[in-house]
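# Examination of the molecular architecture
As a plain string of letters, each chain reads:
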Amino acid sequence: MAPARRDGDRAHTAIAPWILVPSAAEALAFYKNAFGVVDIERHGDPDGELQVAQLWIGGADFWIQTDPATSPGTQADPPVRMILSVADPDAVFARAVAAGALVINPIYEGHGWRIGRVVDPFGHHWEIGRPLDS
């Protein structure tokens, strides 16, 4: 088991989603454009084609993997929805849409959040928001 991350003096556990996409190379290009991700680890096949990458968004990690047979685009309803909490959800939402994400729910305020939902070109749903100040 990997060691817990350190946040100041507190150790905490983190969950890093691993999402399946038809092409990790295409997904990496989209996520860089849409969310400004940084790729921190890459693994390719023997021909050099990107297969797996660990990505980072402002301190949050997630992984992508080429797997066309089981990616959400092959299913009627995606089994997982990502929640991306950011300081300026309006700007990140607009950036994702400009990069090619489709709007499912525009940004709104409700349930204590300012939030909206998009679907990326690979079928993954992303809630982009932040908690409202109390």
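These lines cover the structure that appears in this document, whether it is placed above or below. Predicted model, so just to flag it, every value in this text is computed and none were measured.

Pairing in this open sheet of 4 strands is mixed, and the strands run E3-E6-E5-E4 from one edge to the other. The outermost strands of the open sheet, each flanked by one partner alone, are strand E3 (18–21) and strand E4 (38–44). Taken over all neighbouring pairs, the strand axes of this sheet differ in orientation by 20° on average, direction set aside. Sheet topology note: the E3/strand E6 (residues 60–66) ladder contains 4 bridges and is parallel. Looking across to E6, one finds that leucine 20 is bridged to glutamine 65.

Pairing is mixed in the open sheet, where 4 strands are placed in the order E7-E10-E9-E8. The strands lining the two open edges of the sheet, one partner per strand, are strand E7 (81–85) and strand E8 (102–110). On average, each strand axis in the sheet is tilted by 15° relative to the strand beside it, whichever way the strands run. Bridging between E7 and strand E10 (residues 125–131) involves 5 bridges; their strand directions are parallel. Along E10, the bridge assignment pairs serine 85 with glycine 129.

So, on to the environment of alanine 87. Within the secondary structure, alanine 87 is located in the loop between E7 and helix H2 (89–99). In this structure alanine 87 comes out as exposed when scored by relative accessible area, which is 73%. Spatially, the C-alpha atom of alanine 87 lies 6.4 Å from that of arginine 130, the residues being 43 residues apart in sequence.

This part is about the pairing of strand E9 (residues 113–119). Counted residue by residue, E9 has 5 buried out of 7 residues, so it is predominantly covered. In the sheet, E8 pairs with E9 via 6 bridges, with the strands oriented antiparallel. Of the residues in E9, the one forming a bridge with glutamate 109 is arginine 114. Between the end of E8 and the start of E9, which pair antiparallel, lie 2 residues, with histidine 111 showing a positive phi angle near 55°. Sheet analysis places E9 next to E10, joined by 7 bridges and oriented antiparallel. Paired with valine 119 across the strands is histidine 125, a residue of E10. The antiparallel hairpin formed by E9 and E10 contains 5 residues in its connecting segment, where glycine 123 sits at a positive phi of about 95°.

Cut-off values and rules
Residues numbered from 1 in each chain as written. Predicted model: local features only at pLDDT ≥ 70, side-chain atom pairs only at ≥ 80, totals over all residues. Heavy atoms only, no water. Pairing = 2+ DSSP bridges. Helix = DSSP H or I, 4+ residues; strand = E, 2+ residues; numbered from the N terminus. Axes fitted to C-alpha atoms, helices over the stretch in contact; angles between N-to-C directions. Buried < 20%, exposed > 50% of the residue type's maximum accessible area, 1.4 Å probe, protein only.

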